[in-house]
Number of protein chains: 2
Amino acid sequence: MANIRTVSKLAGVSVATVSRALRKPEVVSADTRERVLRAVKESGYKPNMMARNFRSRKSFSFMVLVPDISNPFFSMVISGIQKAAKESGYSVLLGNTMGDVAVEQELAHMLHTSQTDGIIQLSSRFPLSPEDRDSEGLLPIINCCEVVDDDSMPTVALDNIGAARALTEHLIGLGHTRIGLIAGPHDSPLTSARMAGHAAALKAAGLASAPELVTEGDYSFASGETAAAALLALAPRPTAMVCFNDEMAIGAMQQIRRAGLSVPADISVTGFDDIAFAAYTDPPLTTIAQPTEDFGAHAVARLLAMMDGKAPAEKHLTLPYRLVVRESTAKPR
Amino acid sequence: MANIRTVSKLAGVSVATVSRALRKPEVVSADTRERVLRAVKESGYKPNMMARNFRSRKSFSFMVLVPDISNPFFSMVISGIQKAAKESGYSVLLGNTMGDVAVEQELAHMLHTSQTDGIIQLSSRFPLSPEDRDSEGLLPIINCCEVVDDDSMPTVALDNIGAARALTEHLIGLGHTRIGLIAGPHDSPLTSARMAGHAAALKAAGLASAPELVTEGDYSFASGETAAAALLALAPRPTAMVCFNDEMAIGAMQQIRRAGLSVPADISVTGFDDIAFAAYTDPPLTTIAQPTEDFGAHAVARLLAMMDGKAPAEKHLTLPYRLVVRESTAKPR
DNA sequence: TTGAAAGCGCTAACAG
DNA sequence: CTGTTAGCGCTTTCAA
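Figured I'd write up the structure that's included with this text. (Residues numbered from 1 in each chain as written. Chains lettered and ligands numbered in written order. Predicted model: local features only at pLDDT ≥ 70, side-chain atom pairs only at ≥ 80, totals over all residues.)

Side note on the interface of chain A and chain B
Reasoning step 1: Every contact between the two is made by 35 residues of chain A and, on the other side, 35 residues of chain B.
Reasoning step 2: Looking at the side of chain A that touches chain B residue by residue, the classes come out as 17 nonpolar, 15 polar and three charged. (Contact = placed C-beta atoms within 7 Å. Nonpolar A, V, L, I, M, F, W, Y, C, P; charged D, E, K, R; others polar.)

In structure tokens:
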């Protein structure tokens, strides 16, 4: 395989000149540049990026840590990240953790072995193991889509409080007063944020929030079904269910259907994320659309800035939500 | 940052010994090994993988080329690939092509610049650009999940003919004789394979296949809707629709619902892939489950073998399907 | 504008 | 079993 030396001989210049002609064309004379380019073409030279990266001490890659890549919301975010990374000349290494902390730490360790230049974490946890986190200053790690309450990383995330509030206000506006909640894991900061938004809407409307109306899911279809079953068993039954993602809402709708009830006639249901399927459920789901593409762009931009040693001005960047009203919500009967 | 030299000095051995103690512990004495390990710990040494990979002329990474990562079927496959890759000490580089040939070729080019050791292509096309494909023998490129008819790459894929045949036989067994098809793009080998399976089932049952019963989609929800509308307009109307993926089946079901008809009472619908949502549609979808995890394992194993210069014994590896019967199919009225 | 030379951190002969 | 030595292919001073 042709290397830089092959080209330099062919062009009758030094290897340094070849390198310059390719990397900083403006510093070599037009004549030389052309000779080099011709030699490159003639020899079929392809620069060895491993050598280049090694020498420049940068891998030009990011690692995306994701609990489950087959979750459509995450894959949309990853798609945005990859797009932005590519525009900046970076590759994306996939780190599917399956929610396993050990796997996550093992993958995050690659930051210290120069296998990747930065980490975009889609879970709430700081990814490095305790022995790895003895940081000298600012580590190139950023969180995307989650709420991080320990200030361990900067974040790019949705206005979760506002979004949850908007959803609940939408239901209150329709006339609902008894609204069930299918929330996320209770120990997650994201859950807290959304619950706060929900509570704020209730409070502003002068409605009381009852503990039995709050159930917990793990963002899976199945947990949506289970939680919905619990809410359906309440007396009086809630007339609406706010779910913290679309999958749980879909599970809840199936459970409601199974109970012989109808959405939205008997019960309104809302989701969160606006995955592609949300428009194709029966009935189509009222939900919150997140700017997934923007998440990726901002996460990459901030990570690049951090790698340049610039701490982000605002540690937590909040992006706007969009309420998407479809047919799964209506006036209570 | 501590490097191998730091450790060698600290342990009082040569750098070569440090390298050996870490890479092939069995060839150094127990005593030396321990001294080295202690020095590693003391110095906080983390091997520089970029240097290691550069020196060994391997990146220890694969690139997965995928048309659209937010398609749940692909993300399940990728998840399997990542798992298998990790077990072999490889990382996965994500190559989301958006179906754009130029992007695909640009990403595939990374094979020649030593940025990746092999490519797993999830589309049917050979990924290298014409000027890149002047191969010296066996290129480390494998296709996963698709049908490739030009023999440009080995493949790991489903028994698509058998699966489509099983689906149609299932419908015929229920008593359907007029079955509409929502196929994939007509120029795709995968479409041809599945259509052959469908035709075989019809023929075996002595049923005629009418051209107007065959429509074409692009695997999107929307194309399923459009195609279903066309099939619904036929007289006599088909009593069943076979769709070449779950998304199109979901789109078709929505269109059928919109026409005031019901699944499966008026029309049976089948999908393909068994994505997670297929169990949560209304009614739950009869479909074909693909062994996505096995795809990844086999693709990685074969790629590794190819990188060792071993051409796969059978160029095309076929994995078994599983027919999943749910409630979207029933006897015709 | 160009070339010579040093060297990134590591592995792999080759001796001993 | 261990050390010496020679690079991998490239970028980057430093001089010219």
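With respect to unusual backbone geometry
Reasoning step 1: Cis geometry marks the peptide bond from A235 of chain B to P236 of chain B, where omega comes out at -5°.
Reasoning step 2: Assignment of secondary structure puts P236 of chain B in the loop between α9 (221–232) and β8 (240–243).
Reasoning step 3: The residue after D282 of chain B, namely P283 of chain B, is reached through a cis peptide bond having omega 0°.
Reasoning step 4: Take P283 of chain B: it is sitting in the loop between β9 (268–270) and β10 (287–289).
Reasoning step 5: For R57 of chain A, which is not glycine, the phi torsion reads 55° and is therefore positive.
Reasoning step 6: Accessibility expressed as a C-beta count within 10 Å gives 12 for R57 of chain A, which makes it exposed.
Reasoning step 7: Phi is positive for F60 of chain A, close to 55°, though the residue is something other than glycine.
Reasoning step 8: Its location among the elements puts F60 of chain A in the loop between α4 (49–56) and β1 (61–66). (Helix = DSSP H or I, 4+ residues; strand = E, 2+ residues; numbered from the N terminus. Buried ≥ 20, exposed ≤ 12 C-beta atoms within 10 Å, placed from the backbone.)

Some thoughts on the protein's contact with DNA strand C
Reasoning step 1: Around DNA strand C sit 24 residues, and of these V28 and T32 of chain A together with I4, A16 and S19 of chain B come closest.
Reasoning step 2: Secondary-structure elements contributing two or more residues to the surface near DNA strand C are α2 (15–23) and α4 of chain A together with α2 (15–23) and α4 (49–56) of chain B.
Reasoning step 3: If you tally residues by element for the surface near DNA strand C, the top one is α4 of chain B, at five residues.
Reasoning step 4: Among the residues making up the surface near DNA strand C, the classes are represented as 12 nonpolar, eight polar and four charged. (Near = placed C-beta within 6 Å.)

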